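Breakdown of the fold
Letter by letter, the chains look like this.
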Amino acid sequence: PGQEIYTYVDADKKWLLTFSYSADSSDADIFLLNADCAEKEVMVNGLPAMLYIPFNDDSPAIVWEDREKGVLFFITAQVSEDVLIKMAENIVEKNN
C-alpha cells in the first residue's frame, strides 16, 4: 500500500515515461506543473479518465481512478494520446 512512482528514461535521455499509483486514492494528490493544456475526458477499461494535452512540446498525461479498489493512477510520456490511453488500458494488478 501507499504510493509508488516509476520513471523510465532512454539511453539518450530524450524520452521519459513516468507511472505513478496511490493505493489510497482518498489521500492522494497529483499536481501537473504545466497547466497550459487541453483537458479531454476519456475511458480507461470502463473507468472515466482525464487526458491532459499540453499546448507545447511537454508530455501529455492521463489520470484515472479505480474507486472500487481505491487506486489512483497517473502516466505521462512523450507519446500520442492514443498510445497513452493504450498504456493505461494495459495496467494490470500484479498478484504476488
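The text that follows walks through the structure, step by step, so that each part is easy to find. (Residues numbered from 1 in each chain as written. Predicted model: local features only at pLDDT ≥ 70, side-chain atom pairs only at ≥ 80, totals over all residues. Heavy atoms only, no water.)

1. Section: the overall build of the chain
The helix and strand inventory of the chain stands at one helix and six strands. Written out in order from the N terminus, the α and β elements of the chain read β-β-β-β-β-β-α. Classification of the 96 residues of the chain by burial places 33% in the buried group. Here the contacts in the chain between residues at least 6 apart in sequence split such that 35% fall between residues at least 24 apart. Of the roughly 6900 Å² of accessible surface on the chain, 50% is carried by carbon and sulfur atoms. (Helix = DSSP H or I, 4+ residues; strand = E, 2+ residues; numbered from the N terminus. Buried < 20%, exposed > 50% of the residue type's maximum accessible area, 1.4 Å probe, protein only. Contact = heavy atoms within 4.5 Å. Areas by Shrake-Rupley, 256 points an atom, 1.4 Å probe, with all protein chains shown as cover.)

2. Here's the deal with the environment of L72
Tracing the chain through its elements places L72 in strand 6 (residues 71-77). Separated by 52 residues in sequence, L72 and S20 place their C-alpha atoms 8.2 Å apart.

3. Structural notes on unusual backbone geometry
In this model, N45 sits at a positive phi of 50°, which is unusual for a non-glycine residue. Here N45 shows up in the loop between strand 3 (37-44) and strand 4 (47-54).

4. Comments concerning the pairing of strand 2 (residues 16-22)
Along strand 2, five of the seven residues are buried, which leaves the element largely enclosed by surrounding structure. Across seven bridges, the pairing between strand 1 (residues 3-9) and strand 2 is antiparallel. Residue pairing for strand 2: T7 is matched across the bridge by T18. Joining the antiparallel neighbours strand 1 and strand 2 is a turn of six residues, in which K13 adopts a positive phi near 55°. Across six bridges, strand 2 lies against strand 6 in antiparallel orientation. Of the residues in strand 6, the one forming a bridge with L17 is A77. (Pairing = 2+ DSSP bridges.)

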